[in-house]
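Residues per chain, in single letters:
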Amino acid sequence: MALGRRRTRERADQRAQDTAVVVREPVDDDATGARPEAAPPSRGASQLWADGVGRAGTRSLQVLAIVALVAVAVFALTRLTLIVIPVLIALVLAAAISPLVVLLRRKGVPSSLATVIALITLVAVLAGVVWLIVVAVVDQWPELRDQAIEGFDELQVYVQNLPFDITEEQLQSVRDSVVGLLQSDAVGAGALAGVSQTVDFVAGFFVMIVVLFFFLKDGPQIWEFLLRPFQGERYARGQRIGETTVRTLGGYVRGTAIVALVDAVAIGIGLAIVGVPLVLPLSVLVFLLAFIPLVGATLAGILCALVALVAVGPVEALIVVAIVIAVNQLEGDLLQPVVMGRTLRLHPLVILIALTAGTVLAGLTGAVLAVPIAASIWRAIQVWDGPDLPARFARQKRREAAETG
């Protein structure tokens, strides 16, 4: 019995030794007997983009893709200005005169007839303004030419008494150039050279009228058609953006028109009192330039002062400058805050950048349209997540922190 137990124990010990041999780690053949170091795990392509440099590279690629998309869109828009500009002008005008169409419809006028009445009224006003300007310029051009020559002679005498020296030959050269320009047919030649631009303007005008008709008649239906792919919150967001854009554009145009009209009338009365010719064209010019924020009033004042300088004299020109400054100051401090309200809530730097971009892309028309479009985009961002809830990136972080705290 003892011999049997000993043999059983020996067999168990042998099995344990065999198992230890099997699970024993392999030993390197190196003389030192040191175990080899484990190989580092291989980094996949996904792990290369997981660190800080990878995330920066991912964001850089995304930014480059967005910039490329914007560049392609801007290039396409600049190549299609004959379509894009009339459509944008039609959108702005439709937002401005849509209350008239709504009022006519409430009075029982059919939709098509109300739209036609609004369009005829708009075209009649524009045609009347252009006709008045042309008649005034044609009637007063000879008088302005004679007054300009006399005014330049007086200015020449004034310049000769300045502390620095200006030679007689330089003054006579400038005088001959001005007189030659006023007495020549350069204006007519320039008009003939611009036949291509005139044709484009006429074509764009008719495109604008047609698009404006459909915007006024079927504007809500067109926007509803564009929102068909969206549902739920996205559809509600599209509705808010459409209503806010129309309200912002309409309020901006109507408010600016009221301010510009007051400026034009006040400055026109001042010009008439001083005795400056071409009062009506200059007043209309003041009205139109008022639609260009920041720089429009300055340009209008410079043009009025130049006409007063060459037509009646330097003292009257200074008086005109004082009138323009006073009117613009009253407008900025009293009239514009009351009329415009919170329609245009943009920082002056944003307005300046928008003006520059619009001027580079589409000239004077772009300068006029850039600011209301920028204001509409900002107002759309302000209602992105709700009627009074801006998009997350545009929210005031300090106020949110205070409310949650």
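Here's what I pulled together on the structure shown here.

1. Observations concerning the environment of Asn328
Argument step 1. You can see Asn328 is positioned in helix H12 (residues 314-340).
Argument step 2. C-alpha separation for the pair Asn328 and Asp263, spaced 65 residues apart in sequence, amounts to 7.4 Å.
Argument step 3. Residue contacts for Asn328: discarding those within four places in its chain leaves Asp263 and Ala297.

2. Remarks on the packing of helix H9 (residues 233-274) against helix H13 (residues 348-382)
Argument step 1. Between H9 and H13, whose axes approach to 9 Å, the crossing angle comes to 145 degrees. The element H9 and its partner H13 pack so that their crossing is right-handed. Contact residues: Ile241, Thr244, Thr245, Thr248, Leu249 and Tyr252 in H9; Val371, Pro372, Ile373, Ala375, Ser376, Arg379 and Ala380 in H13.
Argument step 2. In the contact of H9 with H13, the residues fall into 8 nonpolar, 4 polar and 1 charged.

3. Thoughts on a nonpolar patch on the surface
Argument step 1. The grouping of Leu285, Leu294, Val295, Leu299, Ile302, Leu303, Leu306, Leu349, Leu352 and Ile353 at the surface amounts to a nonpolar patch, some 840 Å² of accessible area in total.
Argument step 2. Among the secondary structure elements, those contributing two or more residues to the nonpolar patch are helix H11 (296-311) and H13.
Argument step 3. When residues in the nonpolar patch are grouped by element, the largest group, 4 residues, is from H11.
Argument step 4. Here Leu303 is to be found in helix H11.

4. Focus on the side chain of Ser376
Argument step 1. In this fold, Ser376 is placed in helix H13.
Argument step 2. A polar side-chain atom of Ser376 sits 2.8 Å from the main-chain carbonyl oxygen of Pro372.
Argument step 3. Those residues in contact with Ser376 that lie beyond four places of it in its chain are Thr245, Thr248 and Leu249.

5. Observations concerning the environment of Ser111
Argument step 1. Within the secondary structure layout, Ser111 lies in helix H5 (residues 111-160).
Argument step 2. Separated by 105 residues in the primary sequence, Ser111 and Leu216 have C-alpha atoms spaced 9.0 Å apart.

6. Notes on the side chain of Thr248
Argument step 1. Within the element layout of this structure, Thr248 appears in helix H9.
Argument step 2. Look at Thr248 and you get buried, because its relative accessible area is 6%.
Argument step 3. Among the polar contacts made by the side chain of Thr248, one reaches the main-chain carbonyl oxygen of Thr244 at a distance of 2.8 Å.

7. Considerations on the nonpolar core
Argument step 1. Ranked by size, the top nonpolar core spans 43 residues in total, and within it Leu212, Leu216, Ile267, Leu271, Val276, Cys304 and Val320 carry the most contacts.
Argument step 2. If we ignore the near neighbours within four places in the chain, the residues touching Cys304 are Ile267, Leu271, Leu282, Val286 and Val320.

8. Quick notes on the packing of H9 against helix H10 (residues 279-289)
Argument step 1. The contact between H9 and H10 brings their axes to 8 Å, and the two run at 150 degrees. Between H9 and H10, the crossing angle belongs to the class labelled roughly antiparallel. For the element pair H9 and H10, the recorded crossing hand is right-handed. Residue-level contacts link Ala257, Ala260, Leu261, Asp263, Ala264, Ile267, Gly268, Leu271 and Ala272 of H9 to Val279, Leu282, Ser283, Val286 and Phe287 of H10.
Argument step 2. Class assignment of the residues belonging to the contact of H9 with H10 gives a composition of 11 nonpolar, 2 polar and 1 charged.

Cut-off values and rules
Residues numbered from 1 in each chain as written. Predicted model: local features only at pLDDT ≥ 70, side-chain atom pairs only at ≥ 80, totals over all residues. Heavy atoms only, no water. Helix = DSSP H or I, 4+ residues; strand = E, 2+ residues; numbered from the N terminus. Contact = heavy atoms within 4.5 Å. Axes fitted to C-alpha atoms, helices over the stretch in contact; angles between N-to-C directions. Left-handed = near helix turned anticlockwise from the far one by under 90°. Nonpolar A, V, L, I, M, F, W, Y, C, P; charged D, E, K, R; others polar. Patch = residues over 30% accessible without salt bridge, like charges linked within 9 Å, V, L, I, M, F, W, Y side chains within 5 Å. Areas by Shrake-Rupley, 256 points an atom, 1.4 Å probe, with all protein chains shown as cover. Salt bridge = Lys/Arg side-chain N within 4 Å of Asp/Glu carboxyl O. Polar contact = N/O pair within 3.5 Å; in protein donor to acceptor, adjacent residues only side chain to side chain. Buried < 20%, exposed > 50% of the residue type's maximum accessible area, 1.4 Å probe, protein only. Core = buried A, V, L, I, M, F, W, Y, C linked by side-chain atoms within 4.5 Å. Parallel < 35°, antiparallel > 145°, perpendicular 65-115°, else oblique.

Keep in mind these values describe shape, not function.
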